[in-house]
Amino acid sequence: MHSLPTLKVFKFGGASVKDAPAIRNLAAIVHLHQSQGPLLIVVSAMGKTTNALEDIFQRAYTGKPYAEALQALEDYHLQTAQELVEPTHQEAQPVLNELFAQLRQQLSTLIPAQYDQQYDQIVSFGELLATRLVAHTLAAQWLDCRSLLRTDSTWREARVDWATTEQQLQASLPPLLAQGLVITQGFLGGTADGRTTTLGREGSDYTAAILAYCLGAESVTIWKDVAGLLNADPKFFADTVRYPEISYQETIEMAYYGASVIHPKTIKPLAVRGIPLLVKSFLYPTAEGTRVHDCQHGLLAPAYIRKADQCLISFESKDLAFISEENLEVIFGTLAQVRLKIHVMQNSAISFSVCTDFSAYRLEQLLSLLRDQFTVHYNTELVLYTIKNYTSDSLERLTAGRTLLLEQRTRQTFQMVCREEA
Ligand SMILES: Nc1ncnc2c1ncn2[C@@H]1O[C@H](COP(=O)(O)OP(=O)(O)O)[C@@H](O)[C@H]1O
Ligand SMILES: N[C@@H](CC(=O)OP(=O)(O)O)C(=O)O
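Residues numbered from 1 in each chain as written. Chains lettered and ligands numbered in written order. Predicted model: local features only at pLDDT ≥ 70, side-chain atom pairs only at ≥ 80, totals over all residues.

An unreviewed UniProt entry lists the protein chain under the name Aspartokinase, from Hymenobacter aerilatus. Quoted verbatim from the Catalytic activity (unreviewed entry) field of the UniProt record, the comment on the protein chain reads "L-aspartate + ATP = 4-phospho-L-aspartate + ADP". (UniProt positions renumbered as here; feature names shortened; annotations may be inferred.)

(A) Representation of the site of ligand 1 in the model. Close contacts around ligand 1 come from 17 residues, with G13, A15, L230, D233 and V261 the closest. For the shell around ligand 1, the residue count by class is seven nonpolar, five polar and five charged. (Near = placed C-beta within 6 Å. Nonpolar A, V, L, I, M, F, W, Y, C, P; charged D, E, K, R; others polar.)

(B) Main features of the site of ligand 2. If you check the shell around ligand 2, you find G13, G14, S44, A45, T50, G126, G186, F187, R201, E202, G203 and S204 and nothing else. Looking at side-chain class alone, the shell around ligand 2 contains two nonpolar, eight polar and two charged residues.

(C) Quick peek at unusual backbone geometry. Look at A139: it is not a glycine, yet its phi comes out positive at around 50°. With respect to the helices and strands, the residue A139 is situated in the loop between α6 (125–138) and β3 (141–143). The class for A139 is exposed, based on 12 C-beta atoms found within 10 Å. Of note in the backbone geometry, R339 takes a positive phi value of approximately 60° without being a glycine. Summarising the element assignment, R339 is placed in the loop between α11 (325–337) and β12 (344–347). Residue R339 is classed as partly exposed on the basis of its C-beta count, with 17 C-beta atoms lying within 10 Å. (Helix = DSSP H or I, 4+ residues; strand = E, 2+ residues; numbered from the N terminus. Buried ≥ 20, exposed ≤ 12 C-beta atoms within 10 Å, placed from the backbone.)

(D) Representation of the pairing of β12 in the model. Inspection of the sheet shows β12 paired to strand β13 (residues 351–357) by four bridges, in the antiparallel sense. Bridge pairing in β13 links Q346 to S353. Following β12, the chain reverses through three residues before pairing antiparallel with β13. (Pairing = 2+ DSSP bridges.)

(E) Region of the structure containing the sheet that holds strand β14 (residues 374–388). Taken together, six strands build an open sheet; the order of strands is β12-β13-β11-β14-β16-β15 and the sheet is antiparallel. The two strands at the open ends of the sheet, each matched to only one other strand, are β12 and β15 (404–409). Averaged over neighbouring strand pairs, the angle between their axes works out to 25° when direction is ignored. Pairing geometry for β15 and strand β16 (residues 413–419), over five bridges, is antiparallel. Following the sheet pairing, E407 is matched in β16 by M416. (Axes fitted to C-alpha atoms, helices over the stretch in contact; angles between N-to-C directions.)

(F) Summary view of the nonpolar core. Counting 112 residues, the largest nonpolar core has V9, I41, V134, I183, L211, A212 and V220 as the members making the most contacts within it. Among the elements that take part in this core, helix α8 (residues 204–215) stands out by supplying nine residues, more than any other. Sequence-distant contacts of L211, defined by excluding residues within four places in its chain, comprise V9, L40, V42 and L169. (Core = buried A, V, L, I, M, F, W, Y, C linked by C-beta atoms within 7 Å. Contact = placed C-beta atoms within 7 Å.)

(G) Inspection of the packing of helix α7 (residues 162–179) against α8 at higher detail. It is the contact of α7 with α8, at a shortest axis distance of 9 Å, that shows an interaxial angle of 75°. Put simply, α7 runs roughly perpendicular to α8. Residue-level inspection shows T165, E166, L169, Q170 and L173 of α7 in contact with α8, the latter providing I210, L211, C214 and L215. Residue classes in the contact of α7 with α8 are distributed as six nonpolar, two polar and one charged. (Parallel < 35°, antiparallel > 145°, perpendicular 65-115°, else oblique.)

(H) The environment of R150, seen in detail. Topologically, R150 is positioned in the loop between β3 and α7. C-alpha separation for the pair R150 and T196, spaced 46 residues apart in sequence, amounts to 9.7 Å. When sequence neighbours within four positions are dropped, the list of residues in contact with R150 reads D161, T164, T165, Q168, G189, G190 and A192.

As structure tokens, this is what we get:
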């Protein structure tokens, strides 16, 4: 493999490009590091743009009005461009106008019955817009990663074609990086026939890891609004502690259980090639942060992980038959078919329960496929909590005053499903 051993990959997420001051702060961080070797910058959509695009898409797909929401999104981008100093504004405005014209055109010609595919074509505009703005601000090269990051057509959660992606990136990136900074989009990929795919919500961290893996980079840094990888989300827990260093394995488990600071697919490619992941604060860019790498450490402080918007679905066989391997095969097959992922499962004699993300659309599909065979009950607006490396104190802290709908524990990990706090 032709690696770029001094290449650093920086990933800036929605919070770090949410407005003009944030983009200026990004530029300051980049300027600090620019002279230290080649730099590849991965950028997500601005602020909550992906949520806004999801909403606009949903409205357009179901025939509801969306013009106002689309105008607000356009104003948000143009206003941000305007607040950035010249020549960013002059240069970026026609590009943003052109992208919004394309978006309007695509929204008005959505193809029915291709929900997930159409979703990717629309929601991907967030990253296209943000990267244009950042590239103009930094006067840097803009790379459309959809032509290089090859995926299959598993819409909304595309799988990477590693061999093709590696070969294409290795052929294209070194000459570009030799000329200076390169800005590209997180979250997006492209099929062999040129259609846009997305890698799953919050997938830009994963993009950074894919690029680093394929180019044999020195490190990946993800710039966040927190001090590093903490033992809990500070938005929901007081007294969090930062892990100064942590192993790939611990991190992969935390991300898998739902620590949303790192996309769960990010770690594996980095671990395979021994590339460290640095989680750093864009608010305090010179502070230490967290180094995720191949390291040994003692027992870590218990990690509390909160996964909101969960749904607990239980299936009972209609004839009081026991839950058998045959029944489970049907249930698993149907969950896979409607693309609902199981986060926790439990069975009793005649009932089988799974905790999944809530999606009204996918739940309705599931019910229509299984209603004849099973009695299906479900509860929504639930939270799945996990404690890794739990202690009796941490269990007490989390469970006090809560009614649990489901509980499970192994030697290191405790999980419970309960109602969303009011
Ligand atoms: N264990 C954790 N450590 C640090 N932050 C966490 C953790 N779990 C969840 N978070 C949340 O992750 C957020 C940062 O991730 P995210 O919002 O995805 O960043 P971005 O979209 O800007 O890349 C933090 O603001 C914090 O609320
Ligand atoms: N913009 C996409 C991809 C992403 O990774 O975003 P962020 O880096 O802001 O989590 C999303 O919101 O899902």
